[in-house]
Amino acid sequence: MPYTIEFSNTPLAIPERTWAQAENVPPADGDTQPTVQFTAFTSCIGICARNETGSRVIGIHLSVADDQNNLFAVNNVAQVSEILQSWGFDPATVFVIGQVAVWQESVPQAYQALLTTLGEPPVYSYGDGQYGGGLNLAGALVATYVE
């Protein structure tokens, strides 16, 4: 079975190879709260975006390989794009977060195709951790981190 990305109904614990979305969680005491959050990254990246009206956030959790060792490939980029487009994302708000160095080394062509398709979004290259995204007081989508 090929590498696939499924829907998840757990926006604060998005597992590998799934996507979820939720109504924005407002900031608390001025601190941005995660609206979407991925399960811990060890070799993964996440894609976050806000919808066009600014009320919802989407997160897509991508692993380098699936359980059958099918690698994320250039032909999987279309599935990511279709998820975002059918959801109604604002292209100006997309960012990529996570184990970027692993992706650059393991699946460089697919990673570059993904960035190109997403319009060369901001990339936050971090190590292991649990990341997500939420809207700040100004309504901008920003990266979040859970310790």
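Up top is the structure these notes are about.
Residues numbered from 1 in each chain as written. Predicted model: local features only at pLDDT ≥ 70, side-chain atom pairs only at ≥ 80, totals over all residues. Heavy atoms only, no water.

**Thoughts on the overall build of the protein**
- Scanning the protein from N- to C-terminus turns up 3 helices and 9 strands.
- The order of helices and strands in the protein, counted from the N terminus, is β-β-β-β-β-α-β-α-α-β-β-β.
- Taking 147 residues into account, the globule formula puts the C-alpha radius of gyration at 15 Å, and the protein, at 14 Å, falls close to it.
- C-alpha atoms of the protein, sized along the principal axes, occupy 45 × 30 × 25 Å.
- Across the 147 residues that make up the protein, the buried fraction comes to 46%.
- Nonlocal contacts in the protein, meaning residues at least 24 apart in sequence, comprise 67% of its contacts between residues at least 6 apart.
- Entry remark: accessible area of the protein is about 7000 Å², with carbon and sulfur atoms responsible for 50%. (Helix = DSSP H or I, 4+ residues; strand = E, 2+ residues; numbered from the N terminus. Rg over C-alpha atoms; globule rule 2.2 N^0.38 Å. Buried < 20%, exposed > 50% of the residue type's maximum accessible area, 1.4 Å probe, protein only. Contact = heavy atoms within 4.5 Å. Areas by Shrake-Rupley, 256 points an atom, 1.4 Å probe, with all protein chains shown as cover.)

**Details of the side chain of Gln-37**
- Relative to the helices and strands, Gln-37 resides in strand β3 (residues 36-37).
- Among residues more than four places away in sequence, those in contact with Gln-37 are Pro-11, Leu-12, Ala-13, Ile-14, Gln-130, Tyr-131, Gly-132 and Val-146.

**Looking at the pattern of salt bridges**
- Inspection of every chain in the model, using the stated rule, returns 4 salt bridges.
- One salt bridge connects Asp-90 with Arg-50, and the closest N-O pair in it is separated by 3.2 Å. With Asp-90 in the loop between α1 (77-87) and β6 (95-98) and Arg-50 in strand β4 (residues 45-50), the pair connects residues that are 40 residues apart, well separated along the chain. Pair check on accessibility: Asp-90 and Arg-50 agree, each one buried.
- Put simply, Glu-16, Arg-17 and Asp-67 are held in one network by salt bridges that share partners. (Salt bridge = Lys/Arg side-chain N within 4 Å of Asp/Glu carboxyl O.)

**Observations regarding the sheet that holds strand β7 (residues 123-125)**
- Pairing within the open sheet is mixed, and its 6 strands lie in the order β1-β2-β5-β4-β6-β7. For this open sheet the edge positions go to β1 (6-7) and β7, each flanked by a neighbour on one side alone.
- Across 4 bridges, β4 lies against β6 in antiparallel orientation. The partner of Ile-45 across the bridge, within β6, is Gly-98.
- This element, α1, spans β2 (18-23), β4 and β5 (56-62) of the sheet and lies at about 170 degrees to β5.
- Taken strand by strand, helix α3 (residues 108-117) contacts β4, β5, β6 and β7, and its axis lies near 5 degrees from that of β4. (Pairing = 2+ DSSP bridges. Axes fitted to C-alpha atoms, helices over the stretch in contact; angles between N-to-C directions.)

**Quick word on the environment of His-61**
- Its location among the elements puts His-61 in strand β5.
- Sequence separation between His-61 and Ile-5 is 56 residues, and the spatial gap between their C-alpha atoms is 8.5 Å.
- Once residues within four sequence positions are removed from consideration, His-61 is found in contact with Ile-14, Pro-15, Glu-16, Arg-17, Thr-18, Phe-38, Thr-39, Ala-40, Phe-41, Cys-44 and Ile-45.

Function cannot be inferred from these measures alone, as they are strictly geometric.
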